[in-house]
Amino acid sequence: MKSNIILFPLAAVLFSGLAYLFPQYLLHLQPAIIPLLGVIMFGMGATLAVADFKRVMLQPGAILTGVMLQFLLMPLLAWLLAHGLGLSLPLTAGLILVGACPGGTASNVICYLARGNVALSITMTTLSTFLAVFLTPVLTWFYLGESIAVPVLAMMFSIFKIIIIPVSLGVLFNHYLGRKFSDVKRGLPLLSMGAIVLIIGIIIALNHEKIASIVPAVLLAVILHNLAGLFFGYTLAQMCGFDKPTCRAIAIEVGMQNSGLGVALASKYFAPLAALPGALFSIWHNISGAFLASYWSKQKN
């Protein structure tokens, strides 16, 4: 698992460079973004067991704190950063959409490596993923409704198809066939990693003509967004009196977004440029997560 976390950002950066240099080979793959995200969501579901859903009531305070910060703090931070840095409307839409997304698929692995509360991390990822069907479109509309048309109902239906169906199929696969296909299960994280790298490459290819002029500002916004989520997630959880493993889990869950979902929704409902913040976030939050996990893993609980 640790090697995958290290390998992912390296592979994403390398493939992004190739996509920028040779965009013509990826431009026709834009329709593949949503199916690829479905593959990732199926892989996430295949890591979940029925028992994971039963944990929701075991730590209600921590779960409620994490999910509230996830959906209240991150979209607000995105809105503040986008306006503070003067991002264009498509880039603002993309950053806010990332902020309104549920927890990232890699957060559970990062939490494990960071010696955080893994059961809590899994529970928050699962709960925020299902709540995203309603909350992600509504929050996107709340922050963007006066500036750009946000098709809330259509977006809800898309999230249902992109997330709920593949995740549910993954859970059923794990429950009924997981033992028979253990080798397949072990390969799913690598397959998911390959899918998100390809999605990032497609977005880079679609925006290759504008990247040189806009990446510095967008990258700064993405880095600040992620780091602020990690910092405030930990600090506010600590102020609530939770122990260190729980604070780590909440911080990671708040700061690491399902940016692949943000990319898919941005490319479908807004413009290719709106998907760029999500693509950059996908690379950066794994880098920051890996460093944070390395630091926390050496600390005493």
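Just above, that's the structure.
Rules used in this analysis
Residues numbered from 1 in each chain as written. Predicted model: local features only at pLDDT ≥ 70, side-chain atom pairs only at ≥ 80, totals over all residues. Heavy atoms only, no water. Helix = DSSP H or I, 4+ residues; strand = E, 2+ residues; numbered from the N terminus. Rg over C-alpha atoms; globule rule 2.2 N^0.38 Å. Buried < 20%, exposed > 50% of the residue type's maximum accessible area, 1.4 Å probe, protein only. Contact = heavy atoms within 4.5 Å. Expected span 1.5 Å × (residues − 1). Bend = angle between axes of the 7 residues up to and from the residue. Axes fitted to C-alpha atoms, helices over the stretch in contact; angles between N-to-C directions. Parallel < 35°, antiparallel > 145°, perpendicular 65-115°, else oblique. Left-handed = near helix turned anticlockwise from the far one by under 90°. Patch = residues over 30% accessible without salt bridge, like charges linked within 9 Å, V, L, I, M, F, W, Y side chains within 5 Å. Areas by Shrake-Rupley, 256 points an atom, 1.4 Å probe, with all protein chains shown as cover. Salt bridge = Lys/Arg side-chain N within 4 Å of Asp/Glu carboxyl O. Phe/Tyr/Trp six-rings, centres within 6.5 Å; stacked < 30°, edge-to-face > 60°. Lys NZ or Arg CZ within 6 Å of the ring centre and 35° of its normal. Nonpolar A, V, L, I, M, F, W, Y, C, P; charged D, E, K, R; others polar. Disulfide = S-S within 2.5 Å.

Please clarify how the overall build of the chain should be interpreted in this entry.
When helices and strands are tallied, the chain shows 13 helices and zero strands. Taken from N to C terminus, the helices and strands of the chain fall in the order α-α-α-α-α-α-α-α-α-α-α-α-α. Here the C-alpha radius of gyration of the chain, 18 Å, is about what a compact globule of 301 residues would show, namely 19 Å. For the C-alpha atoms alone, the extent of the chain along its principal axes is close to 50 × 45 × 40 Å. By the burial criterion, 54% of the 301 residues in the chain qualify as buried.

Even after reading the chapter, I still don't get the environment of A100, so can you show me in this structure?
Inspection of the secondary structure puts A100 in the loop between α5 (89–99) and α6 (107–113). Classification of A100 as buried rests on a relative accessible area of 0%. On a C-alpha basis, the gap between A100 and L76 in space is 8.9 Å, while along the polypeptide they are 24 residues apart. Here A100 is in contact with F71, P75, T136, L139, T140 and Q257, once residues within four sequence places are set aside.

Would you mind going over helix α10 (residues 211–239) with me for this structure?
Residues separated by three or four positions in an α-helix point in the same direction, a consequence of the helix having 3.6 residues per turn. With 29 residues, α10 should reach 42 Å at 1.5 Å per residue; the first-to-last C-alpha distance of 40 Å fits that figure. For α10, the principal kink sits at A217 and spans about 25°. Where α10 ends, the next residue or the one after it, G241, has phi of about 90°, a positive value.

Can you help me understand the packing of α5 against helix α7 (residues 118–144) in this one?
Relative to each other, α5 and α7 sit at 140°, their axes nearing to 9 Å. In terms of orientation, α5 and α7 fall into the oblique class. The way α5 lies across α7 gives a crossing that is right-handed. Judged by residue contacts, T92, A93, I96 and L97 of α5 engage T136, T140, Y143 and L144 from α7.

Please explain a nonpolar patch on the surface as it appears in this structure.
Taken together, the side chains of F157, F160, I165, L169, L172, Y176, L177, F181 and V184 make up a nonpolar region of the molecular surface, amounting to roughly 860 Å² of accessible area. In terms of residue count, the dominant contributor to the nonpolar patch is helix α8 (residues 152–177) (seven residues). You can call Y176 exposed: its relative accessible area is 59%.

What is the right way to read the environment of L97 from this model?
Tracing the chain through its elements places L97 in helix α5. The exposure class of L97 is buried, given its relative accessible area of 0%. Beyond its immediate stretch of four places on either side in the chain, L97 contacts T136, T140, M155, G262, L265, A266 and F270.

Looking at this model, I keep getting lost on the side chain of S107. Mind explaining?
With respect to the secondary-structure elements, S107 resides in helix α6. When sequence neighbours within four positions are dropped, the list of residues in contact with S107 reads S121, T125, I252, E253 and M256.

Explain α5 here, please?
For α5, the buried fraction is high: nine of the 11 residues fall into the buried class. Burial in α5 covers these residues: L91, T92, A93, G94, L95, I96, L97, V98 and G99. Looking at the buried side of α5, the elements it contacts are α4 (60–84), α7, α8, α10, α12 (259–269) and α13 (276–296).

Can you help me understand the packing of aromatic side chains in this one?
Think of a pair of aromatic rings as described by two things: how far the centres are apart, and how the planes are tilted against each other in angle. Here the structure, examined in full by the defined rule, presents five aromatic pairs. Judged by centre distance (5.2 Å) and plane angle (75°), the rings of F231 and F232 are edge-to-face. K268 extends its terminal NZ or CZ atom over the ring of Y269, reaching a point 5.5 Å from the ring centre.

In this structure, what is going on with the packing of α4 against helix α11 (residues 244–255)? I would like to understand it.
Two packed helices can be described by the angle between their axes and the distance between those axes. Direction vectors running N to C along α4 and α11 enclose 30°, while the axes themselves pass 9 Å from each other. In terms of their interaxial angle, α4 and α11 are classed as roughly parallel. Our pair here, α4 against α11, has a crossing hand that is right-handed. Seen from α4, the contacting residues are A62, T65, G66, L69, Q70, L73 and M74; seen from α11, they are T246, I250, E253, V254 and G255. Its residues placed into classes, the contact of α4 with α11 shows six nonpolar, five polar and one charged.

Which parts of the structure should I look at to understand the side chain of N258?
Relative to the elements of secondary structure, N258 occurs in the loop between α11 and α12. When residues no more than four places from it in sequence are discounted, the contact partners of N258 are L37, M41, C101, P102, G103, G104, T105 and I163.

Explain the state of the cysteines here, please?
Working definition: the covalent bond between the sulfur atoms of two cysteines is a disulfide. As enumerated under the stated definition, the model contains zero disulfides in all. C247 supplies the cysteine sulfur nearest to C111, a cysteine that is in no disulfide, at a spacing of 11 Å. Look at C111 and you get buried, because its relative accessible area is 0%. Free cysteine C247: the closest other cysteine sulfur is in C240, separated by 8.3 Å. What makes C247 buried here is its relative accessible area of 1%.

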